[in-house]
Amino acid sequence: MAHETTIGTKLRQARLDKNISLIELQQMTKIQKRYLEAIEADQFAQLPGTFYVRAFIRQYAAAVGEDGDKLVAVFDGKDTLAAPLPKRPQPETVSGSRKAQHVAEKNSSFVIRYLPMILLGLVALTIMSIVGYMAWQDRNASPMIQGSSSLVVENSASDSSTTTESTSSTINSSSSVESTTESSTEKEMTMTASDSSQSAITIDVQDAESPLTLTFTGQNGRCWIGVQVDGAYVYQYTLTAGETQTTTLPEGADNAVLTLGASQYVTIEANGQTVDFTDQQYESLQKTVNMTISYTDTAE
């Protein structure tokens, strides 16, 4: 009798087919070996919680070439791994009376007769759409040229201003150097929140010093943290209450996605500055913090 296919057996067989050991899979997914073994044995209760079960199933499936979303749907009871039963053939329609056959033949003849006219109408409609689109482009071409011209004027004015400033700086060179030094030292990192929702928020980081260091501090409970850069995990950790952990993003990374399993149990700092990802109108639960990062220009 064949064994029943489960989430664990399917993932394990996919791993064996690719000749991947559990140690190698642990290095690929950053999931501890004991959790991988629990998934293969369908012992999901050994994992920290249902959020981690879903996240680990997706990561395991991605590493061995399986459909993680389908397996999570199976885990949630919304899908099944069983093969669908073959469809029963539809019964043939019994021919009706001669009168019904005559009506059907008449309708078919009507469609065939007017089919060329219908096709010509569709072709004409397509041509009219193309002509209208080209006319719309022609109407918009003039503002684009005018905008380019105004840009040239602005650049000319800017060049003239630059020439004047250059002449002035020749007379007062020491004063300009001091002014430039003061303005460069006044730049501070700023963080602006936008696109806030129950499950996600975007943080725009400006004038950061590279590399950017993130500090996580646990508050009153456990929180799983995942950090992705360019779609790949660079850090994963389960933070406990009162514990502090840090990770440094790759040099010059312009984006980072922070996945927080229980956002109410963690605070975050970026280069020593608090990252405010909370929103008073939403309860702090599982949350994704999307960070876009730009750095200070340190070139002399």
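Up top is the structure these notes are about.
So, a few notes on the structure that sits alongside this text. Keep in mind that what you see is a predicted model, and the values were worked out from it rather than measured.

### Points about the overall build of the protein chain
Now for step 1: A tally of regular secondary structure across the protein chain gives 7 helices and 10 strands.
Now for step 2: Looking at the protein chain residue by residue over its 300 residues, the buried ones come to 25%.
Now for step 3: The long-range share in the protein chain, meaning contacts at least 24 apart out of those at least 6 apart in sequence, stands at 61%.
Now for step 4: Accessible surface computed for the protein chain: about 20,500 Å², of which carbon and sulfur atoms make up 53%.

### Looking at helix H2 (residues 22-29)
Now for step 1: What H2 keeps buried is the set Leu-22, Leu-25 and Thr-29. Buried residues of H2, viewed axially, fall in a sector of 55°; they line one side.
Now for step 2: Two residues or fewer past H2, Lys-30 is found with a positive phi of approximately 65°.

### As for the nonpolar core
Now for step 1: With 27 residues, the main nonpolar core has Leu-11, Leu-25, Ile-39, Leu-47, Phe-56, Ile-57 and Tyr-60 as its most contacted residues.
Now for step 2: Among the elements that take part in this core, helix H4 (residues 50-64) stands out by supplying 10 residues, more than any other.
Now for step 3: Those residues in contact with Ile-39, other than ones at most four positions away along the chain, are Gly-8, Leu-11, Phe-44, Leu-47, Phe-56 and Tyr-60.

### As for a nonpolar patch on the surface
Now for step 1: Residues Tyr-114, Leu-115, Met-117, Ile-118, Leu-119 and Leu-122 make up a contiguous nonpolar surface patch of about 580 Å² in total accessible area.
Now for step 2: When its relative accessible area of 55% is taken as the criterion, Met-117 is described as exposed.

### Some details on the pairing of strand S1 (residues 190-194)
Now for step 1: The sheet contact formed by S1 and strand S2 (residues 200-208) spans 5 bridges and is antiparallel. Residue pairing across strands places Ala-193 opposite Ile-203, the latter belonging to S2.
Now for step 2: Linkage of S1 to S2, two consecutive antiparallel strands, is achieved through a turn of 5 residues, within which Asp-195 is found at a positive phi near 50°.

### Some details on the pattern of salt bridges
Now for step 1: As enumerated under the stated definition, the model contains 6 salt bridges in all.
Now for step 2: Linked through salt bridges whose partners overlap, the residues forming this network are Arg-12, Arg-15 and Glu-40.

### What about the packing of aromatic side chains?
Now for step 1: Counted by the stated rule, this structure contains 8 aromatic pairs.
Now for step 2: For the ring pair Tyr-52 and Trp-224, a centre distance of 6.1 Å and an interplane angle of 85° mean the geometry is edge-to-face. You can see Tyr-52 sitting in helix H4 and its partner Trp-224 sitting in strand S4 (residues 223-229), a full 172 residues away along the chain. Trp-224 matches Tyr-52 in its accessibility class, with the two residues each being buried.

Cut-off values and rules
Residues numbered from 1 in each chain as written. Predicted model: local features only at pLDDT ≥ 70, side-chain atom pairs only at ≥ 80, totals over all residues. Heavy atoms only, no water. Helix = DSSP H or I, 4+ residues; strand = E, 2+ residues; numbered from the N terminus. Buried < 20%, exposed > 50% of the residue type's maximum accessible area, 1.4 Å probe, protein only. Contact = heavy atoms within 4.5 Å. Areas by Shrake-Rupley, 256 points an atom, 1.4 Å probe, with all protein chains shown as cover. Arc of directions from axis to C-beta. Core = buried A, V, L, I, M, F, W, Y, C linked by side-chain atoms within 4.5 Å. Patch = residues over 30% accessible without salt bridge, like charges linked within 9 Å, V, L, I, M, F, W, Y side chains within 5 Å. Salt bridge = Lys/Arg side-chain N within 4 Å of Asp/Glu carboxyl O. Pairing = 2+ DSSP bridges. Phe/Tyr/Trp six-rings, centres within 6.5 Å; stacked < 30°, edge-to-face > 60°.

The quantities given are spatial measurements derived from coordinates; they are silent on function.
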